[in-house]
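Read off the chains here:
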Amino acid sequence: MKRVYNFSAGPACLPLAVLEKAQSEFLCYGDSGMSVMEMSHRTPVYQDIFDRATASLRKLMNIPENYEVLYVQGGASMQFDMVPMNLMSTHKKAYYINTGNFAKTAMKEAKLFGEVICPASSEEATYTYIPEMTADMFSEEADYVHITSNNTIFGTRYIDAKLPPCGDIPIVTDMSSCILSEPIDVSKYGLIYAGAQKNIGPAGVAIVIIRKDLIGKVSGLPAMLDYAVYEKNGSMKNTPPTYAVYMAGLVFDYLLENGGLEAMKEKNEKKAAKLYAYIDSTDFYKNTVNKEDRSIMNVTFVTGDADLDKKFAKEAAEAGLVNLKGHRLVGGMRASIYNAMPEEGIDALIEFMKKFEVENK
Ligand SMILES: *Cc1c(COP(=O)(O)O)cnc(C)c1O
């Protein structure tokens, strides 16, 4: 059977070369005589896989020495809890910027652990933009400011110029749907977290990149929810998601071999620009997001007619362009075009959109 163009928001498509590499090593990794899935995490051969994944990620993202890389299960959603549990230390207070459903859920969870201030939100406009923020919004002392770098459901993202002007208060960001899509300056953040299943690898692991001085400031936490326990045990207090980390390592190496994040940024911007340019060129499809804030990972669009949107998703799937239905909260369509979506996938989508327009105008 032919592989389709998979526009899923997550778990999402992976680079074919990575899948093929995993396939070639599936039954027997190196001279170990077994699959990576069958290995004890307490063996040198697996420890090497794990350490190399981390080294590759450090190189790829240019992660400074004073940051730790941790592998945690429970997805990005568990970080909605671990972040406030571990970081609401001094002031027991944090700022949350409400730019989408995941941002709002993170905020809701944080309220279980301390005081939450929401200085800026775009909820009143169904999250179609990233709010402008000013320094006076952050006048109260707080432990951190939480943002969502890319809003997967609504198709918006922060550009650097719009990061919260919060002075010395560390920024914590959920980068689940845009990590590795372009180079970023890690030192601008106190903590970066991301579920793997969009741009990193298969589901089952979340990556936490945390400034070391932010670890271990709260005592008495349950072990598996304490960043200090992960740091102390090299993310192996218990069995880590061994295969997911192996796959992530293959993706990191693939990216390093293909020009790193500079090259990804160029490719991703080109793909997104092509798709938005087409959407903007016709009245048949609309993208309602503030132009400056448009995501380069998740492109949302509607025809304005819910039945027609449904028909679009169905016929697109029949043409080998799958998972284009928008999130159930917003309807319409969403093309998730992460790193692994080739430019040919965008071309095929635009061709289909043109044809659908002619047939349904
Ligand atoms: C997908 C996603 C999540 C949820 O991730 P899980 O791993 O399913 O918990 C959270 N935040 C953002 C921005 C996402 O895209």
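Everything that follows concerns the structure shown earlier in this document.
About the criteria used
- Residues numbered from 1 in each chain as written.
- Predicted model: local features only at pLDDT ≥ 70, side-chain atom pairs only at ≥ 80, totals over all residues.
- Heavy atoms only, no water.
- Phe/Tyr/Trp six-rings, centres within 6.5 Å; stacked < 30°, edge-to-face > 60°.
- Helix = DSSP H or I, 4+ residues; strand = E, 2+ residues; numbered from the N terminus.
- Buried < 20%, exposed > 50% of the residue type's maximum accessible area, 1.4 Å probe, protein only.
- Near = heavy atom within 4 Å.
- Polar contact = N/O pair within 3.5 Å; in protein donor to acceptor, adjacent residues only side chain to side chain.
- Areas by Shrake-Rupley, 256 points an atom, 1.4 Å probe, with all protein chains shown as cover.
- Nonpolar A, V, L, I, M, F, W, Y, C, P; charged D, E, K, R; others polar.
- 1 Å grid on protein atoms, 1.4 Å probe; cavity = no way out; pocket = protein on both sides within 12 Å on 5 of 7 lines; lining within 4 Å.
- Points joined across faces, edges and corners; volume = space filled by probe spheres on them.

**Student:** Sorry, what's going on with the packing of aromatic side chains here?
**Tutor:** For any two aromatic rings, the description comes down to two numbers: the centre-to-centre distance and the angle of the planes. If you walk through the whole model with that rule in mind, you get 18 aromatic pairs. Measuring from centroid to centroid gives 5.2 Å for F312 and F352, while their planes differ by 75 degrees, and the two rings are edge-to-face. Of this pair, F312 sits in helix α8 (residues 306-318) while F352 sits in helix α9 (residues 343-360), and the two are 40 residues apart along the sequence. A relative accessible area of 0% places F312 in the buried class.

**Student:** What exactly am I supposed to notice about the site of the ligand here?
**Tutor:** Looking at the ligand, there are 13 residues lining it, with S77, T152, D174, Q197 and K198 nearest. Here a nitrogen atom of the ligand and a side-chain polar atom of D174 are 2.6 Å apart. Within the side chain of Q197, one N or O atom sits 2.9 Å away from an oxygen atom of the ligand. Protein coverage of the free-state accessible area of the ligand, which is 390 Å², stands at 85%. By residue number, the principal contributor to the shell around the ligand is helix α3 (residues 75-87), which donates 4 residues. Across the shell around the ligand, the residue classes break down as 3 nonpolar, 8 polar and 2 charged.

**Student:** Would you mind showing me how to read the layout of surface pockets here?
**Tutor:** Reported here for the largest pocket is a volume of approximately 510 Å³. Taken together, 20 residues form the lining of the largest pocket, with L14, L16, A340, M341 and P342 sitting closest to its centre. Listing elements by their share of the lining of the largest pocket, those giving two or more residues are β1 (5-6), α1 (16-25), α6 (242-257) and α7 (260-281). When residues of the lining of the largest pocket are assigned to their parent elements, the largest contribution, 3 residues, is made by α7. Among the residues making up the lining of the largest pocket, the classes are represented as 14 nonpolar, 2 polar and 4 charged.

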